[in-house]
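# Topology and contacts: notes
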Amino acid sequence: MAVRAVRGAVQVDADERQLVLKGTTELVTAIFEANGFTADDVISMIFTSTPDLTSEFPALAARELGLVDTPLLCAAEIAVPGALPRVVRILAHVETLRSKQEIQHVYLGGATALRRDIAQ
């Protein structure tokens with residue numbers, strides 16, 4: 001087993017609690033499915049959101065998916081002028097047999113613009 005970092009992002013349509021939770025749920029689920037992860041594989045997850053998202057903590061979506069004993073942290077992204085708005089990002093640390101090259105990073109919706117080289 002090795003410790004690997006997995007990245008992902010999703011853009012939500014508006015700063016509404018249900019949209020933040022829905023987008024984050026979709027992103028966490030897609031990361032797990034793309035890499036064959038289970039909750040037991042996750043060491044920790046860091047969630048960031050752009051400064052225009054304040055209606056809910058994105059980590060709540062992970063808790064609702066069953067990551068109840070996993071350390072989760074939310075933080076705000078830097079307010080860079082012209083940056084893509086309404087984005088939730090994830091940096092997950094996992095234990096896996098996958099090599100760095102086998103890890104699938106997931107970028108959904110408008111967030112595909114952030115990493116066109118690896119977006120789904």
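Let me begin by describing the structure that accompanies this report.

Calculation rules
Residues numbered from 1 in each chain as written. Predicted model: local features only at pLDDT ≥ 70, side-chain atom pairs only at ≥ 80, totals over all residues. Heavy atoms only, no water. Phe/Tyr/Trp six-rings, centres within 6.5 Å; stacked < 30°, edge-to-face > 60°. Buried < 20%, exposed > 50% of the residue type's maximum accessible area, 1.4 Å probe, protein only. Helix = DSSP H or I, 4+ residues; strand = E, 2+ residues; numbered from the N terminus. Pairing = 2+ DSSP bridges. Right-handed = clockwise from strand over helix to strand, strands pointing away. Polar contact = N/O pair within 3.5 Å; in protein donor to acceptor, adjacent residues only side chain to side chain. Contact = heavy atoms within 4.5 Å.

### Some remarks on the packing of aromatic side chains
This structure, assessed with the given rule, holds 1 aromatic pair. Between Phe-32 and Phe-37, the aromatic rings sit 6.4 Å apart at their centres with planes inclined by 85 degrees, giving edge-to-face as the arrangement. Each of the two residues, Phe-32 as well as Phe-37, counts as buried.

### Here's the deal with the pairing of strand E2 (residues 42–49)
The buried count for E2 comes to 6 of 8 residues, which makes it a mostly enclosed element. Bridging between E2 and strand E4 (residues 87–96) involves 7 bridges; their strand directions are antiparallel. Paired with Met-45 across the strands is Ala-92, a residue of E4. Sheet topology note: the E2/strand E3 (residues 72–76) ladder contains 5 bridges and is parallel. Bridged to Phe-47 within E3 is Cys-74. Tracing the backbone out of E2, into helix H2 (residues 59–64) and back to the parallel element E3 gives a crossover that is right-handed.

### Description of the side chain of Asn-35
Within the secondary structure, Asn-35 is located in helix H1 (residues 17–35). In this structure Asn-35 comes out as buried when scored by relative accessible area, which is 3%. Within the structure, Asn-35 has its side chain in polar contact with the backbone nitrogen of Gln-104 (distance 2.7 Å). If we skip the residues at most four places from it in the chain, Asn-35 touches Val-6, Arg-98, Glu-102, Ile-103 and Gln-104.

All quantities given are derived from atomic positions and should not be read as evidence of function.
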